[in-house]
Structures are given as C-alpha cells and as structure tokens.
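Overview (structure and organization)
Below, each chain spelled out in residue letters.
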Amino acid sequence: MLLHVVNRSPANSRVYEQALSAMGPDDVLLLIEDGVQGALPQLVRYYAKIEGRLFALREDLEARGLLGRCAESVQVVDVDGFVTLTEEAERTVSWY
C-alpha cells in the first residue's frame, strides 16, 4: 500500500488527476492543506473511484473552517492518524 498526499484543491488544480492515475488498488489518498477542500460534498466527486480510501487531515479542515462539513465517504484523521497511515505505507508519494 502506498500513501498518496495531495495538498491542492481539485477546484483549482489538476494534480489530483495525476495522483489518481498513479494509485494502485490498495493505495490510499490523504488530503492536506488546501487539498482538504476536496473532502466537501460538492468536490468529493473527483475522488469517487477511490471511495473508502480517501482521508482528510482534521487539523487542516479545522484551520479552514471545514470540520464537520466533509462528505460521509471521507475518513477524517488527525496528525496521529497521518503518522499511522505513513507507518502502514510502503512509501509516501506527495503530489504538489
């Protein structure tokens, strides 16, 4: 399993497309920084093909006033959860 990390919103960047095309069937994707906007119900459709494997960082959601506004399919993790995902992954790929 690889951990893919995206820090850009799908509303204003296409980097998510590169991340999705590089993902294997067991890989997971974590949204951080402005990327957490992709966890909103109106933007989560960009990640529909990886439902159940999409995470968003709680601290970044909170910093942007988005905590509690995520789509139900998004798993919210805190920094400790980020560390756990990193430990479980063979490697981490950052998409900027």
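Everything discussed here concerns the structure shown above.
What you are looking at is a predicted structure, and each value in this text was computed from that prediction instead of being measured. (Residues numbered from 1 in each chain as written. Predicted model: local features only at pLDDT ≥ 70, side-chain atom pairs only at ≥ 80, totals over all residues. Heavy atoms only, no water.)

**Digging into the pattern of salt bridges**
Using the criterion set out here, one finds two salt bridges in the structure. Between R64 and D34 there is a salt bridge, with the nearest N and O atoms lying 3.0 Å from each other. Placement of R64 in the loop between α2 (58–63) and β4 (75–77) and of D34 in the loop between β2 (28–31) and β3 (54–57) is noted, with a sequence separation of 30 residues between them. The exposure class of D34 is partly exposed, given its relative accessible area of 38%. Between R64 and D60 there is a salt bridge, with the nearest N and O atoms lying 3.7 Å from each other. Three or more residues are tied together by salt bridges with common partners; here these are D34, D60 and R64. (Salt bridge = Lys/Arg side-chain N within 4 Å of Asp/Glu carboxyl O. Helix = DSSP H or I, 4+ residues; strand = E, 2+ residues; numbered from the N terminus. Buried < 20%, exposed > 50% of the residue type's maximum accessible area, 1.4 Å probe, protein only.)

**Re a negative patch on the surface**
Among the surface-exposed residues, E59, E62, D78 and D80 lie close enough to one another that they form a single negatively charged patch. One can find E62 in helix α2. A relative accessible area of 51% means that E62 is categorised as exposed. (Patch = residues over 30% accessible without salt bridge, like charges linked within 9 Å, V, L, I, M, F, W, Y side chains within 5 Å. Areas by Shrake-Rupley, 256 points an atom, 1.4 Å probe, with all protein chains shown as cover. Lys, Arg positive; Asp, Glu negative; His and termini not counted. Charge placed at Lys NZ, Arg CZ, Asp CG, Glu CD.)

**Observations concerning the packing of aromatic side chains**
The full count for this structure, using the stated rule, is two aromatic pairs. Here Y16 and Y46 contribute two aromatic rings whose centre-to-centre distance is 5.1 Å and whose plane-to-plane angle is 65 degrees, an arrangement assigned as edge-to-face. Of this pair, Y16 sits in helix α1 (residues 15–22) while Y46 sits in the loop between β2 and β3, and the two are 30 residues apart along the sequence. Assessed through its relative accessible area of 24%, Y46 is described here as partly exposed. Between the aromatic rings of Y16 and Y47, the centroid separation amounts to 5.9 Å while the plane-to-plane angle is 70 degrees, which identifies the pairing as edge-to-face. With Y16 in helix α1 and Y47 in the loop between β2 and β3, this pair connects stretches of sequence that are 31 residues apart. (Phe/Tyr/Trp six-rings, centres within 6.5 Å; stacked < 30°, edge-to-face > 60°.)

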